[in-house]
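Here are the chains, one letter per residue:
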Amino acid sequence: MRNKKTNDRLEPTVFVIFGGAGDLTWRKLVPALFDLSRDRSMPADFSVIAVDRVELSDEKLRRRLHDGVRKFSRQGMVKTAEWGEFARHIHYQQGDFKELQTYTALGEQCAKLEKEWGVKGHRIFYMATPPSMFGEIPGYLGKAGLARDCEWERIVVEKPIGYDLKSARALNAILAANFEESQIFRIDHYLGKETVQNILAFRFANPLFEPIWNRRYVDYVTITAAEAVGVEHRGGYYDHAGALRDMVQNHLMQLLCLVAMEPMVSFDADEIRNKKVDVLHAVRPILPGAVHQCVVRGQYGRGTLHGKIMHGYRQEDDVSSHSRTETFAALKLFVDNWRWQGVPFYLRTGKRMPRQFSEVAIQFRTVPHQSFPPESGRDWHPSRLVLSIQPEEGIVMGFQAKFPGPKMLLRPVEMRFTYQDGFAVPSPEAYETLLWDVMSNDPTLFMRADQVEAAWGLLMPVLEVWAESTPRDFPNYVAGSWGPKAADALLAREGHAWRPIA
Ligand code: BG6
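What comes next concerns the included structure. Since we're looking at a predicted model, the values are computed, not measured.

Right, let's talk about the overall build of the chain for a bit. Each helix and strand counted, the chain has 15 helices and 18 strands in total. Over its C-alpha atoms, taken along the principal directions, the chain stretches across nearly 80 × 50 × 45 Å. Every one of the 502 residues in the chain was classed for burial, and the buried ones make up 56%. Contacts in the chain between residues at least 24 apart in sequence constitute 79% of all its contacts with a sequence separation of at least 6. Entry remark: accessible area of the chain is about 22,400 Å², with carbon and sulfur atoms responsible for 54%. Between the mean site of the 63 positive side-chain charges and the mean site of the 62 negative ones, the chain shows a separation of 5 Å.

Okay, structure coming up:
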């Protein structure tokens, strides 16, 4: 994990981006690398080689990336001199991802740079291409002899890691045929978020919460990742993915693991990842016959958001007008182990909701005996702890307090920690943290093959049942609402509720 260091800790690095002319490079990767360089968190010697099929000069590429940095850099204003200093490290190489020649040329380029630097450099191969290329590139890197060196050569894989369990296994097998697991960095950008990393700090650096973090005190847990955006320009991809593949299989499952895992013995990457995989292994399988009771799917129709009329999903660009793809999913899961037996974990995600927020809410049980007079607690709420991931970054503890006055009246109040007030430094973007970790060879925040496959394994019955049954009520929520009514009913049946959001 990132531990703000200056560049002298990092060795020379060649950063090869396949899909270097694409959206991810422009929007996320180069702005993150630029911000790292501003924080003096790049090695003194580094080079970014953007590889893609289109014809482009170094100058043209740099201009385009400059525009991306101006729009997306966390630090806002970009000084021309700073950009100039950074941009001289960027080079373009035109090449077909399916031709060995592209890779041999890259190998030569890396060797040339290392010769200039007078030392061996780390070679990071980042697959920022459409997923259809993920299965091709590792083999070519292998053939070109660019995957051999466990210490110096690494590959970064973006999500989606597969389309289902079978394809995820196939992709992992291709990666494993060419690279050691220790060389493979599978990105889930949620893991790079400060507030997500803070879940472990909060749980295991404070003796206060761990004793109550179990079935004895916790009634249920809700995990939400709500977005106000629709599918934007990604209709083509999204219409073949849907919310379960796009958000639940990765981001929400990662949050579930961090909230439910047992304490790690050390901060060793595999120790943490083992504990997370244990959670997935303990999740009660969703049997095909129970899918309709435990999982809700939704698709947004036309609606209003912030006073603006929004298209329905089926009217979005590159989306089929009869699409059955879900833009909302809610699930009820149980973690069958000593700690969590019988405690429901409700996960939900959706697009075109009233506002963007991600959080984990731990709802505690009510007191075992109510000793206050009944009229004292008309607004009674059992205690609730909210780990707020974004956009507010912080933790809120809700509990009961005595309302001032002669009578014993109880009212819910909040104790609040925010990153903004608590720390005087801005949080890095998730990609900054993750790219820094790849450069410093720390796999803690990356997904291991077994974890990816375990998460797919859990969701396969849902995907299979959904594929066979047409959702007749789609669209079943209006843009700008909190999703289909059935998602509220999923909790209401147990006397539970999603945390109300203003
Ligand atoms: C991506 C999904 O992984 O995460 C997108 O593909 C989604 O559909 C995005 O919008 C959400 O990430 P964040 O960091 O904006 O919450």
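Here we come to the site of the ligand. Neighbouring residues of the ligand: Lys159, His189, Tyr190, Lys193, Glu227, Arg234, Asp246, Met247, His251, Lys351 and Gln390. Side-chain polar atom of histidine 189 to an oxygen atom of the ligand: 2.8 Å apart, as the coordinates give it. For the ligand, whose unbound accessible area comes to 390 Å², protein coverage reaches 79%. If you tally residues by element for the shell around the ligand, the top one is helix α9 (residues 243-260), at 3 residues. Considering only residue class, the shell around the ligand consists of 2 nonpolar, 3 polar and 6 charged.

Geometrically, the link from lysine 159 to proline 160 is a cis peptide bond, its omega value of 5 degrees lying close to zero. Mapped onto the secondary structure, proline 160 falls in the loop between β5 (153-157) and α6 (165-178). A cis amide bond, omega -5 degrees, links glutamine 390 with the succeeding residue proline 391. As for its placement among the helices and strands, proline 391 is situated in the loop between β15 (384-390) and β16 (394-403). The phi dihedral of arginine 352 is positive, around 55 degrees, even though this residue is not glycine. Position of arginine 352 relative to the elements: it lies in the loop between β13 (344-350) and β14 (357-364).

Let us now look at the pattern of salt bridges. All chains considered together, the criterion is met by 29 salt bridges. The closest approach of N and O atoms between glutamate 414 and arginine 416, which form a salt bridge, is 2.5 Å. Taken together, the salt bridges that share partners define one network made up of Arg203, Glu210, Glu262 and Arg339.

A general feature of soluble globular proteins is that nonpolar side chains tend to end up buried together. With 152 residues, the main nonpolar core has Phe18, Trp83 and Phe345 as its most contacted residues. Among the elements that take part in this core, α9 stands out by supplying 12 residues, more than any other. Apart from the residues within four sequence positions on either side, phenylalanine 345 is in contact with Val221, Leu256, Val259, Ala260, Leu331, Lys332, Leu333, Val335 and Trp340.

Turning next to the environment of leucine 258. Topologically, leucine 258 is positioned in helix α9. Note: C-alpha distance between leucine 258 and lysine 276 (18 residues apart in sequence) is 6.7 Å. Leaving out residues up to four positions away in the same chain, leucine 258 has contacts with Leu191, Val196, Ile199, Leu200, Arg203 and Lys276.

Our focus in this paragraph is the packing of aromatic side chains. Evaluation of the coordinates by the stated rule reveals 25 aromatic pairs. With a centroid separation of 5.4 Å and 75 degrees between ring planes, the pair formed by phenylalanine 34 and phenylalanine 86 is classed as edge-to-face. A residue pair is termed long-range when its members are at least 10 positions apart, and phenylalanine 34 in helix α1 (residues 23-38) and phenylalanine 86 in helix α3 (residues 80-87) qualify at 52 residues. For the pair phenylalanine 34 and phenylalanine 86, a shared accessibility class is recorded, and that class is buried. Plain terms: the ring middles of phenylalanine 417 and phenylalanine 423 are 6.0 Å apart, the flat faces sit at 85 degrees to each other, and that makes the pair edge-to-face. On the basis of relative accessibility, which here comes to 26%, the residue phenylalanine 417 falls in the partly exposed class.

Right, let's talk about α3 for a bit. The set of residues buried in α3 consists of Trp83, Phe86 and Ala87. The buried residues of α3 all sit within an arc of 95 degrees when viewed along its axis, so they share a single face. Residues of α3 that are buried make contact with α1, β2 (46-52), α2 (58-72) and β3 (90-94).

About the thresholds
Residues numbered from 1 in each chain as written. Predicted model: local features only at pLDDT ≥ 70, side-chain atom pairs only at ≥ 80, totals over all residues. Heavy atoms only, no water. Helix = DSSP H or I, 4+ residues; strand = E, 2+ residues; numbered from the N terminus. Buried < 20%, exposed > 50% of the residue type's maximum accessible area, 1.4 Å probe, protein only. Contact = heavy atoms within 4.5 Å. Areas by Shrake-Rupley, 256 points an atom, 1.4 Å probe, with all protein chains shown as cover. Lys, Arg positive; Asp, Glu negative; His and termini not counted. Charge placed at Lys NZ, Arg CZ, Asp CG, Glu CD. Near = heavy atom within 4 Å. Polar contact = N/O pair within 3.5 Å; in protein donor to acceptor, adjacent residues only side chain to side chain. Nonpolar A, V, L, I, M, F, W, Y, C, P; charged D, E, K, R; others polar. Salt bridge = Lys/Arg side-chain N within 4 Å of Asp/Glu carboxyl O. Core = buried A, V, L, I, M, F, W, Y, C linked by side-chain atoms within 4.5 Å. Phe/Tyr/Trp six-rings, centres within 6.5 Å; stacked < 30°, edge-to-face > 60°. Arc of directions from axis to C-beta.

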